[in-house]
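In case you want the letters, here they are:
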Amino acid sequence: MSAVRRVGGELWMEGVRLSEVASRFGTPCYAYSRAAIESAWQAFDRALAGTEHLVCYAVKANSNLAVLGILARLGSGFDIVSGGELARVLAAGGRADRVIFSGVGKGEDEIRAALMAGIRCFNVESEPELERLDAIARALGVRAPVSLRVNPDVDARTHPYISTGLKGNKFGIAHDRALAAYGLAASLPNLEVTGIDCHIGSQILDMAPLEEALERVLELAAAVAARGIPLRHVDLGGGLGIRYREEEEALDIGRWCATVAARLAGTGYSLVLEPGRAIVGNAGVLLSRVEYLKLDKGKRFAIVDASMSELIRPALYEAWHEISPLATLDRPEAAYDVVGPVCESSDVLGTDRRLAIAPGDGIAILSAGAYGMVMSSNYNSRPRPAEVVIDGDRAVQVRARETIDSLFAGETTLD
Ligand code: LLP
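Residues numbered from 1 in each chain as written. Predicted model: local features only at pLDDT ≥ 70, side-chain atom pairs only at ≥ 80, totals over all residues. Heavy atoms only, no water.

Trainee: It is not clear to me how the overall build of the chain should be interpreted in this structure. Could you clarify?
Mentor: A tally of helices and strands in the chain yields twelve helices and 21 strands. Computed over C-alpha atoms, the radius of gyration of the chain comes to 23 Å, within 12% of the 22 Å expected from 2.2 N^0.38 for 415 residues, which places it in the range of a compact globule. Seen through its C-alpha atoms, the chain measures out along the principal axes to roughly 70 × 60 × 40 Å. Expressed as a percentage of contacts within the chain between residues at least 6 apart in sequence, the contacts between residues at least 24 apart total 69%. Accessible surface for the chain amounts to roughly 17,600 Å². Of this, 50% is attributable to carbon and sulfur atoms. (Helix = DSSP H or I, 4+ residues; strand = E, 2+ residues; numbered from the N terminus. Rg over C-alpha atoms; globule rule 2.2 N^0.38 Å. Contact = heavy atoms within 4.5 Å. Areas by Shrake-Rupley, 256 points an atom, 1.4 Å probe, with all protein chains shown as cover.)

Here you go:
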């Protein structure tokens, strides 16, 4: 379920005790396991060994340069959604020709930067974006490789905020407009139509909607080919769910890859996948410390030094993250709502958790490697936490904790 294990009452990540990480780098602090990131990426790559493929890690899940660098060394591709993410990938040693650019609102500057870098493909989400891309490519004297993100109208059966494949959603081109959009793309002289893609949502634990989307995309690809527009690749997005709690079953990556590989065999299409969470989600934890235990009308609160500013998923999606003390100590056990110092009632990291803790104790919020730090904010003028990568028995700080001065360094007062 997670890259951590308990040995002798202590939580470890690889060869390092997490309580040591908390004391050395302070809390709150994110820690990621290099080995867990590598093995999650390799699980995809290995399962697709017999199929022409590119695993494009979705940078939005965790864009720390060290994380991107670890994946770039493995030969990973990258799925980006902004010029900022492109710059990060290149700075981390990622190859531009393995970058695909997704997103519903690509700006002119972002498109220009991606064309100049020579990325592999643009996943285009609307007809006006096709026209914009064509115009910028013409001005630069290049042809832009494009794939159309189609909306297969499939219910991913996940949280509505992270479901993207249904009709009426802002993402992708509606299934019934897709053929006409391909016609437009093929008619624009500075575009080269190379593929088709979809992404129906995130944290999907059931393979059925993914298979349904695959069939709809292949049907559409055949119809596009029948119009004289042959496609070379199929991109099935990301969305593969991980295990956050014991009673959950992660989506089986090996099974999904085998299913896709079998379905694509003989079609001539190469495959692109865009997993984010499945690669980094279980590889990271957020370390925190108990500040106070508070009893109020029979309800017990553990007030800790991490908050919705560092990990917003529980507040935003009612997401469940396991919370575990860094050391098993002799403390009275009780059920706590684990909350942060931020002035919002929604600043909750977990409710009704049985924990044996006392003020000063370290805790870990597990499975926080994806959509944790990247969604953090400075709300309540809280400096963003440090990030550390654990690599065997080394703990390397890969992003320094923000200083309070830096929070308002770009601000001025009026005369
Ligand atoms: N490709 C596209 C086009 C996407 O929009 C996404 C995620 C991915 C790939 C990667 O999906 P993954 O494999 O990580 O599920 N903040 C939310 C998740 C938002 C996902 C947005 N799109 C959360 O914390 O659960």
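Trainee: So what exactly am I meant to see when it comes to the sheet that holds strand E2 (residues 10-13) here?
Mentor: Strand pairing in a sheet relies on backbone hydrogen bonds, with the paired strands running either antiparallel or parallel. Pairing is antiparallel across the open sheet formed by three strands, whose spatial order is E1-E2-E3. Each edge of the open sheet is held by one strand with a lone partner, namely strand E1 (4-7) and strand E3 (16-17). Pairing analysis gives two bridges linking E2 to E3, with the strands arranged antiparallel. Each residue of the ladder has a partner; that of Met-13, found in E3, is Val-16. (Pairing = 2+ DSSP bridges.)

Trainee: Whenever I open this one, the site of the ligand confuses me. Can you help?
Mentor: Around the ligand, the structure places 18 residues, and the nearest of them are Ser-202, Glu-274, Arg-313, Tyr-317 and Tyr-371. Ser-202 places a polar side-chain atom, nitrogen or oxygen, 2.4 Å from an oxygen atom of the ligand. Arg-277 places a polar main-chain atom, nitrogen or oxygen, 2.8 Å from an oxygen atom of the ligand. Burial of the ligand by the protein amounts to 91% of the accessible area it has alone, namely 590 Å². For the shell around the ligand, the per-class residue count stands at six nonpolar, six polar and six charged. (Near = heavy atom within 4 Å. Polar contact = N/O pair within 3.5 Å; in protein donor to acceptor, adjacent residues only side chain to side chain. Nonpolar A, V, L, I, M, F, W, Y, C, P; charged D, E, K, R; others polar.)

Trainee: I'm lost on the side chain of Glu-85 in this one. Help?
Mentor: Turning to its location among the elements, Glu-85 is positioned in helix H4 (residues 83-91). Despite its burial, Glu-85 pairs with no opposite charge, the nearest such side chain being Lys-60 at 6.0 Å. Among all residues touching Glu-85, those that are not within four sequence positions of it are Val-59, Lys-60, Asp-79 and Ile-80. (Buried < 20%, exposed > 50% of the residue type's maximum accessible area, 1.4 Å probe, protein only. Lys, Arg positive; Asp, Glu negative; His and termini not counted. Salt bridge = Lys/Arg side-chain N within 4 Å of Asp/Glu carboxyl O.)

Trainee: How should I be thinking about the pairing of strand E13 (residues 270-273) in this particular structure?
Mentor: Remember that side chains alternate between the two faces of the sheet whenever the strand is regular. Residues Ser-270 and Val-272 of E13 are buried on one face, and the alternating residues Leu-271 and Leu-273, pointing to the opposite face, are buried as well. Examined bridge by bridge, strand E5 (residues 53-58) and E13 share three bridges and lie parallel to one another. Bridge pairing in E13 links Leu-54 to Val-272. Bridging between strand E12 (residues 233-235) and E13 involves three bridges; their strand directions are parallel. When the bridges of E13 are listed, His-233 appears paired with Ser-270. In this view, the connection linking E12 to its parallel neighbour E13 by way of helix H9 (residues 253-264) has right-handed handedness. (Right-handed = clockwise from strand over helix to strand, strands pointing away.)

Trainee: What's the story with helix H3 (residues 65-74) in this structure? I'm lost.
Mentor: Along an α-helix, a turn takes 3.6 residues, which lines up residues three or four apart on a common side. Those residues of H3 not exposed but buried are Val-67, Leu-68, Gly-69, Ile-70, Leu-71 and Ala-72. The opening residue of H3 is Asn-64, an N-cap whose side-chain oxygen sits 2.7 Å from the backbone nitrogen of Ala-66.

Trainee: Explain the packing of aromatic side chains to me, please; I cannot follow it from the model alone.
Mentor: We describe a pair of aromatic rings using the distance from one ring centre to the other and the angle between the two ring planes. Inspection of every chain in the model, using the stated rule, returns two aromatic pairs. Judged by centre distance (6.1 Å) and plane angle (20°), the ring pair of Tyr-30 and Tyr-32 falls under stacked. For the residue pair Tyr-30 and Tyr-32, the accessibility class agrees, reading buried in each case. Between Phe-101 and Phe-122, the ring centres sit 5.9 Å apart and the planes meet at 35°, which makes this aromatic pair tilted. On the criterion of sequence distance, the pair formed by Phe-101 in strand E7 (residues 99-101) and Phe-122 in strand E8 (residues 121-124) is long-range, its members being 21 residues apart. Accessibility classification places Phe-101 together with Phe-122 in one group, the buried group. Stacked on the ring of Phe-101, the Lys or Arg Lys-106 has its end atom at 5.5 Å from the ring centre. Looking at Arg-245, its charged tip hangs above the ring of Trp-320, at a distance of 4.2 Å from the centre. (Phe/Tyr/Trp six-rings, centres within 6.5 Å; stacked < 30°, edge-to-face > 60°. Lys NZ or Arg CZ within 6 Å of the ring centre and 35° of its normal.)

Trainee: Is there a simple way to explain empty space enclosed by the protein in this structure?
Mentor: Taking a probe equal in size to a water molecule and rolling it over the atoms shows the remaining empty space. All chains considered together, the criterion is met by one cavity of 30 Å³ or more. Taken together, Cys-198, His-199, Ile-200, Leu-210, Ala-213, Leu-214, Leu-236 and Trp-256 form the lining of the largest cavity. Broken down by element, the residue count for the lining of the largest cavity peaks at three residues, all from helix H8 (residues 207-226). The residue inventory of the lining of the largest cavity, partitioned by class, reads seven nonpolar, one polar and no charged. (1 Å grid on protein atoms, 1.4 Å probe; cavity = no way out; pocket = protein on both sides within 12 Å on 5 of 7 lines; lining within 4 Å. Points joined across faces, edges and corners; volume = space filled by probe spheres on them.)

Trainee: I tried to follow the nonpolar core on my own but got confused; where do I start?
Mentor: Nonpolar side chains in soluble globular proteins generally cluster together in the buried interior. In terms of nonpolar packing, the biggest core is built from 99 residues, with Tyr-57, Phe-122 and Trp-256 touching the most fellow members. The biggest single contributor to this core is H8, with nine residues. Both domains that meet at this core, namely domain 1 (4-31 + 281-407) and domain 2 (35-280), each give it at least three residues. Other than its neighbours up to four places away in sequence, Tyr-57 contacts Asn-62, Val-67, Leu-68, Leu-71, Ser-76, Gly-77, Phe-78, Asp-79, Pro-275, Gly-276, Ile-279 and Val-280. Membership of the second largest hydrophobic core comes to 19 residues, among which are Leu-18, Phe-25, Leu-326 and Ile-390. (Core = buried A, V, L, I, M, F, W, Y, C linked by side-chain atoms within 4.5 Å. Domains from an automatic or database assignment.)

Trainee: Looking at this structure, I do not really get the pairing of strand E21 (residues 394-399). What am I missing?
Mentor: For strand E20 (residues 386-391) and E21, the ladder comprises five bridges, and the chain directions are antiparallel. Within E21, the residue paired with Glu-387 across the bridge is Arg-399. Between E20 and E21, which pair antiparallel and follow one another directly, the connecting turn spans two residues, one of which, Gly-392, has a positive phi of 70°.

Trainee: Explanation requested: the packing of helix H6 (residues 127-140) against helix H7 (residues 178-187) in the structure shown.
Mentor: How two helices sit against one another is set out by the angle between their axes and by the gap between those axes. Contact geometry of H6 with H7 gives a least axis separation of 10 Å together with a crossing angle of 10°. In this view, H6 runs roughly parallel relative to H7, as classed from their interaxial angle. Contact residues: H6 offers Glu-127, Leu-130 and Glu-131, while H7 offers Ala-181, Leu-184 and Ala-185. Classifying every residue of the contact of H6 with H7 gives four nonpolar, no polar and two charged. (Axes fitted to C-alpha atoms, helices over the stretch in contact; angles between N-to-C directions. Parallel < 35°, antiparallel > 145°, perpendicular 65-115°, else oblique.)

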